[in-house]
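# Fold and contact review
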Amino acid sequence: MVVKFYISMVSGNKEMKKRQMKAQLIMESKGVNFKVIDICDPNNEDERTFMRKNAVGRNNARNAVPPQFFNDDHEDSYCGDYEGFDEAVENDRIEEFLKLPRGSLPQVPIINHSISTHSSRDVSLEKEVVAPQVNGAVPSPRQSPEKVKEEEVKEEEEEEEEEEEEEEGEDEDATTAIITEEEVKVEEVKQEQTEQEEEDEEEEDDEEETALPHEDGEV
C-alpha cells in the first residue's frame, strides 16, 4: 500500500513548506510507504487535476492546498489535509488517517514527558549505570527517530527566523543611511546660507564705509 503525498515545491508560502517538511519527516520516521507528488511539476498535470478535484478545501476554499494525502487502495482514496494528519499524529491514529491496516506500521517508542517521581539521588544513580564500553569509549544515548526529526525541524525554523531578523536589520541600516544623507544635505544648505549672509554683511559694511565722509573733510 502506497500513500500519495501531494506537495508544492515552488510555493512561496513558508507555512506550507514547513507543513510539507514536517509531514514528510513524520511519515519517514513512522515507516510509512509513500510517494511524493509535486503538483507544480509539468509532468504531473493529471495528478494536480486529480488532487484539486478530490481534495476538500478548508473554510470553503475554492481549491485545496498542499499537503494532501490519498490512498488509492481504497474506493474513497482521499485521506485528508495537513490539519487532519497533524491531529491523527497527536492522537496516535496515523494508520487510521492514512487508511492503513492497524498495526501495519513499525511501533515507535513513545517518549513519556510526565514529571518523574524519582529523587535526585535516584537520578544520579541511574546516570552512573552506563552501557558497556567499546574500545574504552562510552556510546552516547540514542534518540528516537521522532525526536531527531523534531529537532531538525526546530533548527530549520530557528535558522529561518534568524534570516528574517538579519533582513530586517539590513532594512533598518539602509533607512538610517538615507536619513544620514538627508541630514548632510540639510547641513550643507545651512552652511551655504550662512556663508552667503556673511558675504552680504561684508558688502554692506564696505558700502557704508565708502559712503561715510573722511576726517579731513574730503568726500
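This text gives an overview of the structure that appears in the document. Treat the numbers as computed from the prediction; the structure is a model and nothing was measured.

A word on helix H1 (residues 14-30). Taking 1.5 Å as the rise per residue, H1 with 17 residues should run 24 Å; its terminal C-alpha atoms sit 24 Å apart, in good agreement. Of the positions making up H1, those classed as buried are Met16, Gln20, Ala23, Leu25, Ile26, Met27, Ser29 and Lys30. For H1, the N-terminal capping position is held by asparagine 13, with its side-chain oxygen 2.9 Å away from the main-chain nitrogen of glutamate 15.

For the rest of this paragraph, the subject is the sheet that holds strand S4 (residues 78-81). The sheet built from four strands is open, its strands ordered S2-S1-S3-S4 with mixed pairing. The sheet is open, and its two borders are formed by strand S2 (34-38) and S4, each paired with just one other strand. Strand-to-strand, the axes of this sheet are offset by a mean angle of 20 degrees, without reference to chain direction. Pairing geometry for strand S1 (residues 3-7) and S2, over five bridges, is parallel. Pairing of phenylalanine 5 across the sheet is with valine 36, part of S2.

Bringing the pairing of strand S3 (residues 68-71) into the picture now. Here S3 shows no split at all, with Gln68 and Phe70 on one side and Phe69 and Asn71 on the other all buried. In terms of strand pairing, S1 meets S3 through four bridges, oriented antiparallel. Residue pairing across strands places valine 3 opposite asparagine 71, the latter belonging to S3.

What follows concerns the nonpolar core. Counting residues in hydrophobic clusters, the biggest one holds 18 residues, and the most contacted among them are Phe5, Met27, Val32, Phe69, Phe85, Phe97 and Leu98. Those elements that provide at least two residues to this core are S1, H1, helix H3 (82-90) and helix H4 (94-97). In this structure, phenylalanine 85 is in contact with Ala23, Ile26, Met27, Phe69, Ile94 and Phe97, ignoring residues within four places of it in sequence. With eight residues, the next largest nonpolar core counts Tyr6, Ile37, Met51 and Phe70 among its residues.

The rules behind these values
- Residues numbered from 1 in each chain as written.
- Predicted model: local features only at pLDDT ≥ 70, side-chain atom pairs only at ≥ 80, totals over all residues.
- Heavy atoms only, no water.
- Helix = DSSP H or I, 4+ residues; strand = E, 2+ residues; numbered from the N terminus.
- Expected span 1.5 Å × (residues − 1).
- Buried < 20%, exposed > 50% of the residue type's maximum accessible area, 1.4 Å probe, protein only.
- Polar contact = N/O pair within 3.5 Å; in protein donor to acceptor, adjacent residues only side chain to side chain.
- Pairing = 2+ DSSP bridges.
- Axes fitted to C-alpha atoms, helices over the stretch in contact; angles between N-to-C directions.
- Core = buried A, V, L, I, M, F, W, Y, C linked by side-chain atoms within 4.5 Å.
- Contact = heavy atoms within 4.5 Å.

These values are about where atoms sit, not about what they do.
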